[in-house]
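# Fold and contact review
Chain by chain, the residues run as shown.
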Amino acid sequence: MAPADLEQVLAIQAQAYPPALHETADVFAGKLRAFPASNWVVEGASGLLAYLFAQPARHCLPPPLHDPGAPVAAADALHLHDMAVRPEARGLGLARHLMRQAQAWGRQQGLGWMTLVAVGSASDFWQRLGFVPARARKSLSGYGPAALYMHRPLLG
Ligand SMILES: CC(C)(COP(=O)(O)OP(=O)(O)OC[C@H]1O[C@@H](n2cnc3c(N)ncnc32)[C@H](O)[C@@H]1OP(=O)(O)O)[C@@H](O)C(=O)NCCC(=O)NCCS
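My aim in this report is to walk through the structure given alongside it, one point at a time. Starting from 1, residues in each chain are numbered consecutively following that chain's sequence as written. Reporting in this predicted model follows two pLDDT cut-offs: at least 70 for local features of residues, and 80 or more for side-chain atom pairs to be given and counted; totals over whole chains, interfaces and linings ignore these cut-offs and use all residues. Calculation of side-chain values draws on the structure's entire complement of heavy atoms; hydrogens and water are dropped beforehand.

## Quick notes on the overall build of the chain
Worth spelling out the cut-off: What counts as a helix is a DSSP run of H or I of at least four residues, what counts as a strand is a run of E of at least two, and both are numbered from the N terminus. The rule is simple: take the accessible area with a 1.4 Å probe, protein chains only, and divide by the maximum for that residue type; under 20% is buried, over 50% is exposed, in between is partly exposed. The criterion used for residue contact is that any of the two residues' heavy atoms lie within 4.5 Å. Here the Shrake-Rupley method, with its probe set to 1.4 Å, supplies the accessible areas, and only the displayed protein chains count as covering residues. Under this rule, positive means Lys or Arg and negative means Asp or Glu; His and the chain ends count for nothing. A charge is said to be at NZ when it belongs to Lys, at CZ for Arg, at CG for Asp and at CD for Glu.
Counting its secondary structure elements, the chain contains four helices and six strands. Taken along its principal axes, the extent of the C-alpha atoms in the chain is 40 × 30 × 30 Å. When each of the 156 residues of the chain is scored for burial, the buried share is 47%. For the chain, the share of sequence-separated contacts (at least 6 apart) that also reach a separation of at least 24 residues comes to 66%. As displayed, the chain offers around 7,800 Å² of accessible surface, 55% of which is attributable to carbon and sulfur atoms. Side chains of the chain carry 13 positive and 10 negative charges; the gap between the two charge centres is 12 Å.

Okay, structure coming up:
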């Protein structure tokens, strides 16, 4: 993902989540600056179809929403912060493709886990991709009432 992608990324976000979960252009731009190597897009003939923001983090310490974050010492997990697919491109395997990209990158970095906060009804989807519920050592406030912290091992 590059800064020039952000306008389309914001449009996909607007279709994917309720307004309370929408992050601003500044937060997205900050994530690109802080974690330039771990954000990806899928591009189709008519523009961007999907995106994933991910960032190295500490296992069981999910980063807050609405905050670009900064690199942390002793990161041991790749946190999948936000993944969304344009409605007309869903069901084609793009989310699985982006997750595999993140998986390969995280392994290369020697990180032991992939983690995420499932929002809304997304936990079934993440279970399908191999994630199971885990106990966060930090509040998930801001992610909505159904938020669920999940993880899956990256190595081994
Ligand atoms: C969830 C989302 C990212 C899935 O994207 P997608 O590209 O359609 O997913 P894929 O086609 O790669 O599907 C991967 C697997 O998940 C399954 N799946 C897809 N959507 C699902 C859902 N809503 N519930 C349960 N399983 C789902 C697929 O059947 C597929 O399983 P299989 O490969 O074993 O057959 C997409 O629906 C989306 O953008 N939703 C809104 C944003 C969102 O909720 N993001 C996650 C926030 S935590």
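## Re the site of the ligand
The criterion, for reference: Here, proximity means that at least one heavy atom of the residue falls within 4 Å of the molecule or strand. By the criterion applied in these results, polar contacts are pairs of N or O atoms within 3.5 Å in which, for protein atoms, one can donate a hydrogen and the other can accept it, and in which residues neighboring in sequence qualify only through two side-chain atoms.
The environment of the ligand is made up of 20 residues, and the closest members are Met83, Val85, Gly91, Gly93 and Arg96. Take methionine 83: an N or O atom from its main chain is 2.9 Å from a nitrogen atom of the ligand. In isolation the ligand exposes 910 Å². Once the protein is present, 71% of that is buried. The set of elements that each furnish at least two residues to the shell around the ligand consists of β3 (77–85), α3 (94–108), β4 (113–118) and α4 (123–128). The element that contributes the greatest number of residues to the shell around the ligand is α4, accounting for four residues.

## A short note on unusual backbone geometry
The backbone phi angle of cysteine 60 is positive, close to 75°, even though this residue is not glycine. Within the element layout of this structure, cysteine 60 appears in the loop between β2 (47–57) and β3. On the accessibility criterion, cysteine 60 (13% relative accessible area) is buried. The phi torsion at histidine 66 lies on the positive side, around 60°, for a residue other than glycine.

## What about helix α2 (residues 25–34)?
Of all the positions in α2, only Val27, Phe28, Gly30, Lys31 and Leu32 are classed as buried. On its buried side, α2 packs onto α1 (6–16), β1 (39–44), β2 and β3.

## Quick look at the pattern of salt bridges
For clarity, the threshold we go by: Should a side-chain nitrogen of Lys or Arg be within 4 Å of a carboxyl oxygen of Asp or Glu, the pair is scored as a salt bridge.
For the structure on display, the rule yields one salt bridge. Put simply, glutamate 88 and arginine 86 hold a salt bridge, and the shortest N to O gap is 2.8 Å.

## Examining the packing of aromatic side chains
Describing an aromatic ring pair means giving the distance of the ring centres and the angle of the ring planes. Stated formally: Geometry of aromatic contacts follows a simple scheme: Phe, Tyr and Trp rings, the Trp one being its six-membered ring, pair when their centres are within 6.5 Å, and the pair is stacked under 30 degrees between planes, edge-to-face over 60, tilted otherwise.
Scanning the entire structure with this criterion turns up six aromatic pairs. For the ring pair tryptophan 40 and tryptophan 105, a centre distance of 6.2 Å and an interplane angle of 70° mean the geometry is edge-to-face. Of this pair, tryptophan 40 sits in strand β1 while tryptophan 105 sits in helix α3, and the two are 65 residues apart along the sequence. Through a chain of ring-to-ring contacts, three or more aromatic side chains come together here, namely Phe28, Tyr51 and Phe53.

## Points about the sheet that holds β2
The condition is simple: One bridge is not enough; two strands pair if DSSP finds at least two bridges between them. Lines fitted to C-alpha atoms define the axes, with helix axes restricted to the stretch in contact, and inter-axis angles between N-to-C directions lie between 0 and 180 degrees.
The strand order across the open sheet built from six strands is β1-β2-β3-β4-β6-β5, with neighbouring strands paired in mixed fashion. Edge positions in the sheet fall to β1 and β5 (132–133), since each of these pairs with one other strand and no more. α1 contacts β1, β2 and β3 of the sheet and is inclined by roughly 90° relative to β2.

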